[in-house]
Amino acid sequence: MLAFLALSCPTEEPVGNVYGDPLVFNDGRRVSTKAEWAQRRCEILEIFQNEVYGRMPDAGKVYVEKIESGNTTIPANSVSGVSSPQQAVREQYRMWFKADHTGPKIDWLVVRPANSAGPVPVIMTLNFWGNHQMLKDDRILVPTEDWFDNGDKNWGVVDNRISSSSRGYLLDGTRRYHYPLELFISKGYAFVTCCCADIAADPEADGDDVSLQRTLPYRQIFSLWGPRDSSKGDNTGVLAAWGWALMRGMDMVEGLSELDQSKVLVTGCSRLGKAALIAGAFDERFSIVCPVQTGGGGIPLSKHRCDGKESVESETGRYTHWWCDNFRKYAGNEDAMTFDQHMLVSCIAPRAIFATGFQNPWFDKEGEFLSLKYASPVWEKIFCVSALPDVPFPSADSNAAVGDNVGYYHRGDRKHGVVMAEWNRLLPFVGKIWGK
């Protein structure tokens, strides 16, 4: 359960203290060159595979077939400020992982400008409830086999299945999740998405009962990786699997000549923001990483002291399937960690990252800010580029902590989700990066 307590947290703490220094190897040597950083980055990613998310599976091969395409019109929208309908091309791709097109699959939706002169930049994300919620277009497939948590009934879930009645939900700017495709298209960007339920089911705990989490998530994509070995503490968790799927989405983008593979932004909100962070840290092909309100195990520092925040105990107790078993040893014992989330953030350098928060202590917005601050020396000292601006923790809705390559922003309300406030801060940042 989320905690909505009006509590404050310390935001100024000494760098390189209990959190660990991303520029110091495990054996104590200091990183001073790009070549050494490449080695240290691998060392950090190994820590997070062994201690937090589990093993990142090998890429393997993907087999992509176009299963439907056509033109679509995206209505004007006063919420996003787009005053005229946008003409776009709609393409649906089915991704298989076996040459005979059997076994698990992922259905991807690609929406791109209809009249682009060349390859266009890409905004990529996982979605919660199906590709059909992105557009009011009857031709977009509705998931028929995926399992959804009944707690999401307001989003069209009935008897653990998604309903076509929710078609186009996420174009509605009044909802707490909003993807303004008309705005993306007007700026010349393509939008690429797939449903996280295509990859792994995500059952919420029913009170203290997490029994569904022990089996249900480990089907679909997990069937590619063989039986889970219960004797190992670093089995792949669902967050890593979602991140892996985003990386396979990047494989698909590389094969589509209409898309600019050098300009791909990966984003997501809440648990899918964690997945975007993981994908961006592990895969250097993403040029911009934009995690939104990730909560514990995402951007915020695990060891940051803050009343009312999410903890390793709550993360591993309520969402057992997201993590590897080794992460549980830090429940109520965060001080034993020799690392923290800023190290994962640092693995994105020298690429760009823009993270956002909001007014809920459970998500620890100060811990988000400090995580970006403590990761910034990798940009500054190794790559000699600017990172998070040297400012105090910013006030709500301020752009003070938005730099050229590293940015942080938090909203002044308590609406958990991605809304126009995020897009209005994020897209100018993206435009500057890609404009370079």
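Note that the structure is a prediction, hence the values are computed from the model and not measured.

Student: How would you sum up the overall build of the protein? Please name residues and give values.
Tutor: Secondary structure summary: the protein contains eight helices and eleven strands in total. For the protein, the C-alpha radius of gyration of 20 Å lies close to 22 Å, the compact-globule estimate for 436 residues. Along the first, second and third principal axes, the C-alpha atoms of the protein reach 55 × 45 × 45 Å. Buried positions account for 60% of the 436 residues belonging to the protein. A fraction of 70% describes how many contacts in the protein between residues 6 or more apart in sequence connect residues 24 or more apart. A total accessible area of about 16600 Å² is found for the protein, and carbon and sulfur atoms account for 48% of it. Positive and negative charge centroids in the protein, built from 46 and 54 side chains respectively, lie 3 Å apart.

Student: Give me the lowdown on the environment of valine 264, citing residues and values where you can.
Tutor: Examined against the element boundaries, valine 264 turns out to sit in strand β8 (residues 259-269). With relative accessibility at 0%, the residue valine 264 sits in the buried group. Sequence-wise, valine 264 and serine 302 are 38 residues apart; in three dimensions their C-alpha atoms are separated by 29 Å.

Student: Go over the pairing of strand β4 (residues 120-127), please, and point to the residues and values.
Tutor: Across the eight residues that make up β4, a large majority, eight, are buried. Looking at chain direction, β4 and β8 are connected through five bridges and run parallel. Bridge pairing in β8 links valine 122 to valine 264. Pairing geometry for β4 and strand β7 (residues 190-195), over six bridges, is parallel.

Student: Any chance you could break down the pairing of strand β10 (residues 352-357) for me, citing the residues and the numbers?
Tutor: Buried residues dominate β10, accounting for six of its six residues. What you see with β10 is no split at all: Ala352, Phe354 and Thr356 on one side and Ile353, Ala355 and Gly357 on the other are buried throughout. Here strand β9 (residues 288-292) runs beside β10; their pairing, made up of three bridges, is parallel. Of the residues in β10, the one forming a bridge with isoleucine 288 is alanine 352. Relative to strand β11 (residues 406-410), β10 is paired through five bridges, and the arrangement is parallel. When the bridges of β11 are listed, alanine 355 appears paired with tyrosine 408. Traced from β10 through helix α7 (residues 365-382) to β11, the parallel crossover comes out right-handed.

Student: Explain the packing of helix α1 (residues 34-53) against helix α4 (residues 271-282) to me, and be specific about the residues and the numbers.
Tutor: One can describe the packing of α1 onto α4 by two numbers: an axis separation of 11 Å at closest approach and a directional angle of 145°. Every pair of crossing elements has a handedness; the one defined by α1 and α4 is left-handed. Contacts between α1 and α4 involve Arg41, Leu45, Gln49 and Tyr53 on the former and, on the latter, Ile278, Ala281 and Phe282.

Student: Kindly report on the pattern of salt bridges, identifying the contributing residues and their values.
Tutor: Scanning all chains against the criterion turns up 29 salt bridges. With its nearest N and O atoms 2.6 Å apart, the salt bridge here joins glutamate 43 to arginine 40. Of the two residues, glutamate 43 and arginine 40 are both situated in helix α1; the distance of three residues between them amounts to about one turn of the helix. The salt bridge involving aspartate 404 is made with lysine 432; its shortest N-O contact spans 3.9 Å. Of this pair, aspartate 404 sits in the loop between α7 and β11 while lysine 432 sits in helix α8 (residues 420-435), placing them 28 residues apart in sequence. When its relative accessible area of 44% is taken as the criterion, lysine 432 is described as partly exposed. Because the salt bridges share partners, they merge into one network encompassing Arg248, Asp251, Glu254, Asp283 and Arg285.

Student: Report on the sheet that holds strand β3 (residues 105-113), specifying residues and quantitative values.
Tutor: Strand order in the open sheet formed by nine strands is β1-β2-β3-β7-β4-β8-β9-β10-β11, and the pairing between neighbours is mixed. Where the open sheet ends on each side, the last strands, each with one partner, are β1 (63-74) and β11. Averaged over all adjacent pairs, the angle separating strand axes in this sheet is 20°, with direction ignored. Pairing analysis gives nine bridges linking strand β2 (residues 86-96) to β3, with the strands arranged antiparallel. If you follow tryptophan 96 over to β3, its bridge partner there is lysine 105. Of the strands in this sheet, β10 and β11 touch α7, which is tilted by about 175° from β11. Contacts between α8 and the sheet are confined to β4, β8, β9, β10 and β11, with β10 contributing the most and set at about 170° to the helix.

Student: Provide a residue-level description of the nonpolar core, including the pertinent values.
Tutor: Counting residues in each nonpolar core, the largest one holds 135 residues, and the members touching the most others are Leu181 and Trp242. Considering every element that reaches this core, the biggest residue donor is helix α3 (residues 238-254), with twelve residues. Among all residues touching leucine 181, those that are not within four sequence positions of it are Ile74, Val111, Met134, Leu135, Leu171 and Phe191.

Student: Kindly report on the side chain of histidine 321, identifying the contributing residues and their values.
Tutor: For histidine 321, the position within the fold is in the loop between α5 (312-318) and α6 (341-346). For histidine 321, a relative accessible area of 0% puts it in the buried group. Side chain to side chain, histidine 321 and aspartate 202 meet in a polar contact 2.6 Å long. Ignoring any residue separated from it by four or fewer positions in sequence, one finds histidine 321 in contact with Ala201, Asp202, Pro203, Gln213, Pro217, Tyr218, Gly237 and Val238.

Student: Talk me through the state of the cysteines; I want residue IDs and the actual numbers.
Tutor: According to the stated counting rule, one finds zero disulfides in the structure shown. Between cysteine 324, a cysteine without a disulfide, and cysteine 347, which holds the nearest cysteine sulfur, the sulfur-to-sulfur distance is 16 Å.

Rules and cut-offs
- Numbering of residues starts from 1 in every chain and runs along the sequence as written.
- Confidence filtering applies because this is a predicted model: local features only for residues at pLDDT of at least 70, side-chain atom pairs given and counted only at 80 or more, and all residues used for totals across whole chains, interfaces and linings.
- To get the side-chain values, all heavy atoms of the structure are used, and hydrogens and water are removed first.
- Only DSSP runs of H or I with at least four residues qualify as helices, and only runs of E with at least two residues qualify as strands; both kinds are numbered from the N terminus onward.
- Radius of gyration here is computed from C-alpha atoms only, and the compact-globule reference equals 2.2 Å multiplied by the residue count raised to the power 0.38.
- For the exposure calls, accessible area comes from a 1.4 Å probe over protein chains only, and a residue counts as buried if that area is under 20% of its type's maximum, exposed if over 50%, partly exposed in between.
- Here a residue-residue contact requires only that any non-hydrogen atoms of the pair lie within 4.5 Å.
- Using a 1.4 Å probe, accessible areas were evaluated by the Shrake-Rupley method; residue-level cover was limited to the displayed protein chains.
- Lys and Arg are tallied as positive, Asp and Glu as negative. Neither His nor the chain termini are counted.
- For this purpose, a charge sits on NZ of Lys, CZ of Arg, CG of Asp or CD of Glu.
- Two strands are counted as paired when DSSP detects at least two bridges linking them.
- Whether a crossover is right-handed depends on one test, that the path from the first strand over the helix to the second runs clockwise when the strands point away from the viewer.
- For every element, the axis is a line fit to its C-alpha atoms; helices are fit only across the contacting stretch, and the angle between N-to-C directions ranges from 0 to 180 degrees.
- Left-handed describes a crossing in which the near helix is turned anticlockwise from the far one by less than a right angle; the clockwise case is right-handed.
- We define a salt bridge as a side-chain nitrogen of Lys or Arg found within 4 Å of a carboxyl oxygen belonging to Asp or Glu.
- To form a nonpolar core, buried Ala, Val, Leu, Ile, Met, Phe, Trp, Tyr and Cys residues must be joined to one another through side-chain atoms within 4.5 Å.
- Contacts described as polar in this section are N or O atom pairs within 3.5 Å, which, within protein, must combine one atom able to donate a hydrogen with one able to accept it, while residues neighboring in sequence count only if both atoms come from side chains.
- We call a pair of cysteine sulfur atoms a disulfide whenever their separation is within 2.5 Å.

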